[in-house]
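Coordinate analysis (summary)
One letter stands for each residue in the lines below.
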Amino acid sequence: GRAWQVRPNFLDFVLGKLRAGQPCTIVTDQTGNTALASSLAANIAILLQMDAAGLYHLADRDVLSRYEFAVRVAQFYHLDPGLVQAGLTADLKQKARRPLRSGFVLDKAGSLPGIRLLSLDEQLEAYQKETEIWEKT
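So, here's what we can say about the structure. Small disclaimer: the values here were computed from a predicted structure and weren't measured.

**Quick look at the packing of aromatic side chains**
Applying the stated criterion across every chain, the model contains three aromatic pairs. Taken together, a centroid distance of 6.5 Å and an interplanar angle of 25 degrees make the contact between Phe10 and Phe13 stacked. Taken together, the residues Phe10 and Phe13, both in helix H1 (residues 10-19) and three residues apart, mark about one turn of the helix. Between the aromatic rings of Phe10 and Phe69, the centroid separation amounts to 5.5 Å while the plane-to-plane angle is 35 degrees, which identifies the pairing as tilted. Of this pair, Phe10 sits in helix H1 while Phe69 sits in helix H3 (residues 66-76), and the two are 59 residues apart along the sequence. By relative accessible area, Phe69 is classed as buried at 12%. Joined through ring pairs, the aromatic side chains of Phe10, Phe13 and Phe69 make up one cluster. Residue placement shows Arg66 over the ring face of Phe10; its charged tip is 3.9 Å from the ring centre. When the ring centre of Tyr56 is taken as reference, the NZ or CZ atom of Lys108 above it lies at 4.4 Å.

Below, the structure written as structure tokens:
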């Protein structure tokens with residue numbers, strides 16, 4: 001079989017660095033909603049079941065900087081938040097431009113019955129359970 005190389009998501013990137021005891025510079029000036037893939041999938045399924053029409057913004061509830069997100073990940077997993085170092089987008093010299101402020105207004109989707117917008121803590125708890133299941137298979 002052929003091994004697929006998948007680029008880690010931001011959470012896995014941060015966890016990898018922190019678990020290895022390596023410092024990581026994370027930007028304080030990029031903000032946006034957090035979004036767990038399984039949460040998005042569940043909410044999309046509900047919209048499809050409802051035969052909802054129109055434009056719905058979907059993500060999870062919390063809007064954080066990437067730095068705040070990384071610190072909260074360290075705290076949740078009982079890793080050293082001191083390894084998360086604050087940086088600015090301009091200092092990273094990334095090839096692709098990143099918006100500094102992003103985030104969705106979730107009022108329309110959030111008002112629908114069955115739609116569940118998770119907090120970051122709820123997402124981290126779900127992600128931890130999901131990864132334990134994947135690691136066992």
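**Examining the environment of Ala96**
Along the chain, Ala96 falls in the loop between helix H4 (89-92) and helix H5 (107-110). The class for Ala96 is partly exposed, based on a relative accessible area of 42%.

**Some points on the packing of H1 against H3**
Remark: H1 packs on H3, axes separated minimally by 10 Å, with the N-to-C direction vectors making an angle of 55 degrees. Between H1 and H3, the angle is such that the two are oblique. In this structure, H1 meets H3 at a crossing whose hand is right-handed. Touching Phe10, Leu11, Val14, Leu15 and Leu18 of H1 are Arg66, Phe69, Ala70, Val73 and Ala74, all from H3.

**Overview of H1**
Among the residues making up H1, those that are buried are Phe10, Leu11, Val14, Leu15 and Leu18. One face of H1 carries all of its buried residues, which in axial projection span an arc of 130 degrees. In this fold, the buried residues of H1 make contact with strand E1 (24-27), H3, strand E4 (84-87) and helix H6 (120-136). The N-cap residue of H1 is Asn9: its side-chain oxygen and the backbone nitrogen of Leu11 are 3.1 Å apart. At the C-terminal side of H1, Gly21 shows a positive phi close to 75 degrees.

**Observations regarding the nonpolar core**
Of all hydrophobic cores here, the largest spans 21 residues; its most connected members are Leu11, Val14, Leu18, Ile26, Phe69, Val73 and Val84. At the level of secondary structure, the elements contributing two or more residues to this core comprise H1, E1, H3 and H6. If we ignore the near neighbours within four places in the chain, the residues touching Val84 are Leu18, Cys24, Ile26, Tyr67, Ala70 and Val71. If you look at the next biggest cluster of nonpolar residues, it comprises 10 residues, including Ile46, Tyr56, Leu106 and Ile115.

**A few points about the side chain of Asn43**
Turning to its location among the elements, Asn43 is positioned in helix H2 (residues 37-50). Under the relative-accessibility criterion, Asn43 is labelled buried at 3%. Setting aside its immediate chain neighbours within four residues, Asn43 contacts Leu58, Gly114, Ile115, Arg116 and Leu117.

Conventions adopted
Residues numbered from 1 in each chain as written. Predicted model: local features only at pLDDT ≥ 70, side-chain atom pairs only at ≥ 80, totals over all residues. Heavy atoms only, no water. Phe/Tyr/Trp six-rings, centres within 6.5 Å; stacked < 30°, edge-to-face > 60°. Helix = DSSP H or I, 4+ residues; strand = E, 2+ residues; numbered from the N terminus. Buried < 20%, exposed > 50% of the residue type's maximum accessible area, 1.4 Å probe, protein only. Lys NZ or Arg CZ within 6 Å of the ring centre and 35° of its normal. Axes fitted to C-alpha atoms, helices over the stretch in contact; angles between N-to-C directions. Parallel < 35°, antiparallel > 145°, perpendicular 65-115°, else oblique. Left-handed = near helix turned anticlockwise from the far one by under 90°. Contact = heavy atoms within 4.5 Å. Arc of directions from axis to C-beta. Polar contact = N/O pair within 3.5 Å; in protein donor to acceptor, adjacent residues only side chain to side chain. Core = buried A, V, L, I, M, F, W, Y, C linked by side-chain atoms within 4.5 Å.

From the geometry alone we can't say anything about function, so treat these as descriptive.
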